[in-house]
Amino acid sequence: MSASTLNERDTTVERGAVGTSHARIDGPIKLSGQAQYVGDLEVPGMLYAKVFRSPIAHGRITLLDVTAAEAMEGVVAVLVGSDLADIDPFYGHAIRDRPIVALDRVRFVGEPIAAVAAKTMAQAEAAARQIIVEFDELPVAANLDAALATGAPIIHDGQTAAGFAHGLGKMPDREGNTCYSYELNTGDLGAVRAAGDIVIDHEYVFPAVYQYSMETHAVIAEHTGTEIRLWANCQHPFLVQSEIATLFNLPISSVRINVQFLGGGFGSKSYTKMEPLAAALARKAKKPVRIVNEVSESMVTTRRHNMKCRMVTTARSTGELVSRDVQIWLDTGAYADNGPRVTATAGDAAAGPYRWQATQVRAHCVYTNTGPSGSYRAFGATHVQWVGESQIDEVARRAGIDPLEMRRRNLLRRGETVRVKGKPLDADLIGDIEKVAAALGWGDERKPNRGRGISVGLLAAGAHPVSMATVRMDAAAGVSVLVGSTEMGQGTRTVMAQIAAQVLTVPMSKISVPGTDTSFTPYDRSTGASRSTTVAGKAVERAALVVRASLLETAGLAFGISDTSMLRLEDGCVTDGKQSMTFSQIITKRFGFAGGELVGHGEVKPEGGSGSYEEGPVFWEVCIAGAEVEVDINTGVVTIVRTSSVADVGRAINPAQVERQDEGATLQGIGNAMFEEMLYSADGDLLNDTLLDYRIPTMLDMPETMQCIIVENGDGPGPFGSKGCGEGALAAIPAAIVNALGDIGIDMYELPLTPERVWKRIQQIQQTK
Amino acid sequence: MLVPPFEMHVAKSVEDAILLRSEFGDDASFYCGGTELVLVMKLGLTDLAHLIDIKHVDELRTISIDDSGIRIGAAVTYREIENNPLLAADRPEFVSMISGIANIRVRSVGTLGGNLAFADPSSDPATYLLAVGGELEIGSADGKRRIVPMDGFHTGPYQPNMQDNEMIVSVRLPRNVTGGVVVHERMKLKERPNITVAVFASAVKGKVTQARVAVGSVGLVPVRFDEVDATLVGIEASTLDERLLRAATIARDSISLFDDANGSVEYKRHLVDHFVQKVARKAIEAVL
Ligand SMILES: Cc1cc2nc3c(=O)[nH]c(=O)nc-3n(C[C@H](O)[C@H](O)[C@H](O)COP(=O)(O)OP(=O)(O)OC[C@H]3O[C@@H](n4cnc5c(N)ncnc54)[C@H](O)[C@@H]3O)c2cc1C
């Protein structure tokens, strides 16, 4: 979006309200270093914790001796599995498969076996080095092939215990190492498949990648026996709250979680991570304890699933798509974490938003002896969009049709069925892809060794639509917005303030949006799935409307007008056009003195139906992007010259923030497509757990041009017709890059596109020519 | 991990530093920019009770250029090299090689001495110095100084050819001569280069008279091969393509490589071939 359109927008709406690129309200304290993150906090009496982690990937613990560690200077407590005998120590919102610390068995390198709490960090580290552990080693399945092989070591035995928030209907039992499978079929594949003259059939590999937020997982826990307090950098405080309450047999209200700022999340801090361990250690130490992961520890706390996929697309020689058959295997590591949901979302995204005569999708979530995998921005969609979209391009090339035209002919239109039962398509995909292609200069001549690619997909967004918010207006007409969305750099506090400002005509400077404290902040399901603006924002809008109604009611009484529709809010006043009262005057009038406050509560809940994923999603997030790349055929080095993406957001509450979301997602997509890859040895050791060997994108990897096109069709379910953004470009960029290489004649079936991989593929292609 | 506690000793002179190092033995290490050392300590790979800070020794901090050549003190930072106008005038390719190392944070404190003493297999300066015919001034416990060539100074990864209680005092390189050039190129995919090639060439009347090709960051140590250089000497415009190809083939077949996270032997061999041809071509075309 260009500067000129931004300015036009500024003149049409009130400053600070919806549609303006208001500066971050939390910008100044962050830039001046005053914003406090968990690692900055100190609670009186707090101890420092060091986690003692498994050096092997699979084995039974035959000896665990912490006596020497306990005797070390400064050590207050050492937590081991046997300390948890009085509680059911298993957690996991999808599958309750994970003990707080290893009980008798370890399943991945880095699994917590014990934790030391000491007066200083140095003491905790020194004591942890004194812990003695011995194992009976078990065979290791450190990758999908090993875990799926016949006779593979079985990583979990016993019955599958469903977690409390998987949202997947009945959770089936494990089969071998497969902990969950998802199927989605339409039409009769067997009957139509033969109609396809063109058959594209390949296997694909997507790497394990780490979310790499700047801040690692950090938590301070205090356990008084009747109450647990946590200061945590979690994305989903309310889900963590209820999981901790269950683990420690406390009422939900006795678990109090405080979340201020997160130094990034990208899904790595969704659901429960280090909180149970911190709470259990605090319980034993009877003092608050703080755990702050090192990067290498966070890399084994969560990551993105690596994937294997086999896909077969058939089409007529005219380019008309016929069928798609997909099998997906996602490596969820040693514990399920959010793997089942990632699997279902990948399954939903696999067919792509096209008209098919038949599709068959079978997606499997598989345990291996590696660090657990969970949510990562645009999960599922990022995994499969590049696979499906590269097959669409292959069909187009075989049929001699331009890839853009191919999509024009086959893409779903607004209102058509995306997924049996679920919400029909709520966006104009063809309009969007045309914009992205135009921004790339689609028809222009290509320079040598340069190619262009586009990609389209949909991501089921919104998660379970339950959010609450409270808006309070004080006697001086200041407003505080209590909403459980976690500020993790995406700018949610600013957006929430803008929504309240718009409804109440209050300047942004009079609005505050504090962090979450579960004791005061009303429930919000989670921050993720591009849902905050749409779902929590709607709750804020509704809460603000309640405050507005109170203002109108009291002003109406004062004016002697009973029909409040004759009244309106204007610049902090209520007016009927002739007479006017400021909000402060109204509140003083209402309470008889300059005090009291107006409180509004807003609620979003499933509207029609249960809100299940099956009936959803809240909205289909559009994943559309394009890329132009240049390849150095001598080295295989690929340079991203330009990208474009569409943020189909219904209404941009804050256009600059929308653009920043797309830019961040683009860069992260470049990382996933081009460099990032966690490497494991056959023994399950993570080989590249520092930035020296794990390559993330930097400023220098930015494309020369990165264009984000904001599309505002007013068709979202959120406040002012908005819908979420921030994930779409991440799913779409790897696909666009792969297709741009395909455009040069280099079809790639494995990510990331390291120079060596690309170079080898070039050699292969040249040899077969 | 936290860096375990240690004692810091600020050396006043080269002799003082060497004395301290001899006194504390294996419990101590020289500490310059710390960009390698602190990483190693954080990773828990070494446990040192004493660090000997050599950053404040005047002799290690100076750059001089005169008729005998260029002398750069071991503790001069990359940043200082980048910002030195005399160096930029005399050896622009050296300065630009330096300014492509790592990032500005590392360059602000990292030093040439630290790089060469650490002997990481991925070293741009070591490869460059090999091609240009650079030398090192080493200070010893007996108070003597000796000058050793870069060629042979790295005997293996992390193995500089000097005693533990010896130190690099300065780095010497010849001044730019008319009719000669050095071209340096690297390919960097992660933090450190995956391959560095530097080529020195000079020519008289359309014929290459001297050539030195150095290949680094891809094997265990930076290397050069007499046969490669000999293949380039005598090149004229008409024989350029064919001889470059031959030289590159010799280099790719002679170098010892291994598979690792930076690539397979197959790919690395190809990179050696490609970059030797490319960099040598640039150097030779510039002098022919
Ligand atoms: C992120 C990153 C990226 C990098 N990228 C590159 C790159 O692209 N190209 C490249 O070539 N290099 C690269 N490097 C390596 C960099 O050049 C070195 O880290 C730096 O030069 C070391 O200098 P220092 O003064 O910090 O050494 P220190 O860390 O202080 O010392 C390193 C070692 O040398 C010893 N030592 C130091 N000075 C002397 C001396 N005068 N005599 C004897 N022993 C001594 C120390 O005892 C220690 O063992 C990179 C490093 C990092 C951290």
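Now for a description of the structure that goes with this document. (Residues numbered from 1 in each chain as written. Chains lettered and ligands numbered in written order. Predicted model: local features only at pLDDT ≥ 70, side-chain atom pairs only at ≥ 80, totals over all residues. Heavy atoms only, no water.)

### Description of the site of the ligand
Residues and elements named next belong to chain B. We count it as follows: Near, as used in this document, describes a residue that has one of its heavy atoms within 4 Å of the molecule or strand being considered. We call two N or O atoms a polar contact when they sit within 3.5 Å, provided that within protein one can donate a hydrogen and the other can accept it, with sequence-adjacent residues counted only if both atoms are side-chain atoms. All accessibility values rest on the Shrake-Rupley procedure with a 1.4 Å probe; residue burial counts only the protein chains present in the view. Only DSSP runs of H or I covering at least 4 residues are called helices, and only runs of E covering at least 2 are called strands; the numbering of each starts at the N terminus. Throughout this entry, Asp, Glu, Lys and Arg are counted as charged residues, while Ala, Val, Leu, Ile, Met, Phe, Trp, Tyr, Cys and Pro are counted as nonpolar. The remaining residues, Gly among them, count as polar.
Around the ligand, a shell composed of 32 residues is seen, among which F30, G33, G34, T35 and Y78 lie nearest. At 2.8 Å from an oxygen atom of the ligand is found a main-chain nitrogen or oxygen belonging to C32. At 2.8 Å from an oxygen atom of the ligand is found a main-chain nitrogen or oxygen belonging to D124. In the complex, the protein chains occlude 94% of the 970 Å² of accessible area that the ligand would expose alone. Contributions of two or more residues to the shell around the ligand are made by β2 (28–31), α7 (112–118), α8 (124–132) and β10 (167–173). Considering every element that reaches the shell around the ligand, the biggest residue donor is α7, with four residues. When grouped by side-chain class, the residues that make up the shell around the ligand number 17 nonpolar, ten polar and five charged.

### With respect to the sheet that holds strand β1 (residues 7–10) of chain B
All names here are of chain B. Here is the rule: Two strands qualify as a pair provided DSSP detects at least 2 bridges between them. Axes, fitted as lines to C-alpha atoms, cover a helix only where it is in contact. Angles between the N-to-C directions of the axes lie from 0 to 180 degrees. Residue contacts follow a heavy-atom distance rule, with two residues in contact if any of their heavy atoms lie within 4.5 Å.
Spatial strand order, β1-β3-β2: three strands in an open sheet with parallel pairing. The two strands at the open ends of the sheet, each matched to only one other strand, are β1 and β2. Each adjacent strand pair in this sheet contributes to an overall mean axis angle of 25 degrees, direction not counted. Examined bridge by bridge, β1 and strand β3 (residues 50–53) share four bridges and lie parallel to one another. From the neighbouring strand, H9 faces β3, where its bridge partner is I52. Lying over the sheet, helix α1 (residues 14–24) contacts β1, β2 and β3, oriented at roughly 155 degrees with respect to β2.

### Overview of empty space enclosed by the protein
Residue and element names in this part refer to chain A. Test applied: Note on definitions: the grid is 1 Å and covers protein atoms alone; a cavity is a set of points where a 1.4 Å probe fits but cannot get out; a pocket is an open set with protein on both sides within 12 Å along at least five of seven lines; lining residues have an atom within 4 Å of a point. Grid points are joined across faces, edges and corners, and a volume is the space filled by probe spheres set on the points. The source of the domain bounds is an automatic or database domain assignment.
One pass over the full model with this rule turns up seven cavities of 30 Å³ or more. Looking at the largest cavity, its volume works out to about 230 Å³. For the largest cavity, the lining is made up of 21 residues, of which Y91, R98, T272, K273 and D337 are closest to its centre. Of the residues that make up the lining of the largest cavity, three or more belong to each of domain 1 (46–138 + 216–262 + 268–299) and domain 2 (306–463 + 612–768). Approximately 60 Å³ is the volume found for the second largest cavity. In terms of lining residues, the second largest cavity is bounded by 13 residues, among which A349, G352, V384, Q385 and V456 are the most central. At the level of secondary structure, the elements contributing two or more residues to the lining of the second largest cavity comprise α10 (339–350), α11 (381–399) and β18 (450–461). Take the lining of the second largest cavity: its biggest share by element is five residues, from α11. Taken together, the residues that form the lining of the second largest cavity break down as seven nonpolar, four polar and two charged.

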